[in-house]
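A structural walkthrough
Listed below, chain by chain, are the residues.
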Amino acid sequence: MTHTFSPELDGATARRRQFTDSGYLVLPGFLPAHLVDRLLPEVDRWVDEGLRARSIAACVDPETHGTPPVLELELPAHGELLTHEPLMRVIAELMGPSFVFHHLHSDRHGESTGGKAWHHDHEANDREDPSLLMVHALHYLGGLDPSVGHLAVLPGSHLEHASKQSRAHLGTKELPGEAVIDRLPPGSTVLMNSSLFHARRPAPEGGGDPHPRYFVDASYCQADARWHPVKPYWRHMLARARELDLSGGRWPELFAERHFTEYTTGRDSTT
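Just so it is clear, the structure is predicted and the values come from calculations on it, not from any experiment.

Attention shifts here to the overall build of the chain. Across its full length, the chain holds seven helices and ten strands. Against the compact-globule benchmark of 18 Å for 271 residues, the chain has a radius of gyration of 18 Å, which places it among compact chains. Dimensions of the chain, computed from C-alpha atoms along their principal axes, come out at roughly 45 × 40 × 40 Å. Across the 271 residues of the chain, 54% fall into the buried class. Sequence-distant contacts, at least 24 apart, represent 87% of the contacts inside the chain between residues at least 6 apart.

Written as structure tokens, this is what we have:
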């Protein structure tokens, strides 16, 4: 099954029903052009100045690298995206009014990026309750088309109780019942239950001159448990978000430390 655009979903009930049943929700052209225009050069800076590489090094070897010099959420447009009001409203429809920010990734995928095998991104919580929602917001700043590869998802797989890598041995191969999201306009967002299996497929060889795939991924969790953080500097990250007043007083639980357990090694993942 190939996705271009989701059917128009009229109202919160329809959006919740689709998300509950399939595990994802496609929002074509969701982000305003003025925000996308500011995000693109920030992603370029994040990649070209080595800030992304330094943030990964700080997760892989925190004793050596310490806290990164710059966080994604300290970039002005990234901080704005994180608490973009229309996004917050849709996430509240799916998870309820009390939820917490978990982590943020930003990248620019090129021809050398390759694919990413089937996996899911759900983190554990201290209640060991898989029904508590974690949602990933996948923002495709330049949109998606066949020249930059596409996103494959396995609808309904969020209802399984499986480890993150239980389908990794399949690589990015086509699976029965999958849905392919390969045509989206700039500024589109895919909201995904973090337990949903998905894969990133690279652009086909000989497919012309592909443009970079600009990608920002932010995740949020229901505030009914304590979640395991994936970054060793998670306290610093939340503190900076509070200092910058990214929530604007509208979402008081969004950057609260009490919703997290202590960090344990080996949990960081980049989509």
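Having seen the structure, we can now continue with the description.
Strand order across the open sheet formed by five strands is β2-β8-β5-β10-β3, with antiparallel pairing between neighbours. Of all strands in the sheet, those with a lone pairing partner are β2 (24–27) and β3 (99–109), marking the two edges. Across the sheet, the axes of successive neighbouring strands diverge by a mean angle of 15 degrees, strand direction being ignored. As judged from the four bridges shared by β2 and strand β8 (residues 188–193), these two strands associate in the antiparallel manner. Looking across to β8, one finds that Leu25 is bridged to Leu191. Across the sheet, helix α6 (residues 85–95) is in contact with β2, β3, β5 (134–140), β8 and β10 (213–222); its angle to β10 comes to roughly 45 degrees.

A few words on the packing of aromatic side chains. Enumeration over the complete set of coordinates arrives at six aromatic pairs. For the ring pair Phe101 and Phe255, a centre distance of 5.7 Å and an interplane angle of 65 degrees mean the geometry is edge-to-face. Placement of Phe101 in strand β3 and of Phe255 in the segment after α7 (234–243) is noted, with a sequence separation of 154 residues between them. Take Phe255: its relative accessible area is 3%, and that puts it in the buried class. Ring-pair connections join several aromatic residues into one group, and the members of that group are Phe99, Phe101, Tyr220, Trp251 and Phe255. Between Arg167 and the ring centre of Phe197, over which it is positioned, the NZ or CZ distance is 4.5 Å.

Across the two faces of strand β6 (residues 150–153) the burial is the same, with His150 and Ala152 and Leu151 and Val153 all buried. When β6 meets strand β7 (residues 179–181), the two strands line up antiparallel, connected through three bridges. Paired with Val153 across the two strands is Ala179, which belongs to β7.

Here we come to the pattern of salt bridges. All told, the structure shown has 18 salt bridges when counted by the stated rule. Of the charged contacts in the structure, one is a salt bridge between Asp126 and Arg226, with a shortest N-O distance of 3.8 Å. With a gap of 100 residues between them, Asp126 in the loop between β4 (116–119) and β5 and Arg226 in the loop between β10 and α7 connect regions that are remote in the sequence. According to the relative accessible area criterion, Asp126 is partly exposed, its value standing at 38%. Taking the relative accessible area as the measure of exposure, Arg226 reaches 35% and is therefore partly exposed.

Our focus in this paragraph is helix α2 (residues 33–48). Its 16 residues place the ends of α2 23 Å apart at the C-alpha level, agreeing with the 22 Å of an ideal helix rising 1.5 Å per residue. Turning to α2, its buried residues number three or more, namely Leu35, Val36, Leu39, Glu42, Val43 and Trp46. Buried residues of α2, seen end-on, are gathered within an arc of 130 degrees and therefore sit on one face of the element. Across from the buried face of α2, at angles greater than 90 degrees, the exposed residues are Ala33, His34, Asp37 and Asp48. Here the buried face of α2 lies against α3 (51–60), α5 (76–82), β3 and β10. Gly50, located one to two residues past α2, shows a positive phi value of around 75 degrees.

Cut-off values and rules
Residues numbered from 1 in each chain as written. Predicted model: local features only at pLDDT ≥ 70, side-chain atom pairs only at ≥ 80, totals over all residues. Heavy atoms only, no water. Helix = DSSP H or I, 4+ residues; strand = E, 2+ residues; numbered from the N terminus. Rg over C-alpha atoms; globule rule 2.2 N^0.38 Å. Buried < 20%, exposed > 50% of the residue type's maximum accessible area, 1.4 Å probe, protein only. Contact = heavy atoms within 4.5 Å. Pairing = 2+ DSSP bridges. Axes fitted to C-alpha atoms, helices over the stretch in contact; angles between N-to-C directions. Phe/Tyr/Trp six-rings, centres within 6.5 Å; stacked < 30°, edge-to-face > 60°. Lys NZ or Arg CZ within 6 Å of the ring centre and 35° of its normal. Salt bridge = Lys/Arg side-chain N within 4 Å of Asp/Glu carboxyl O. Expected span 1.5 Å × (residues − 1). Arc of directions from axis to C-beta.

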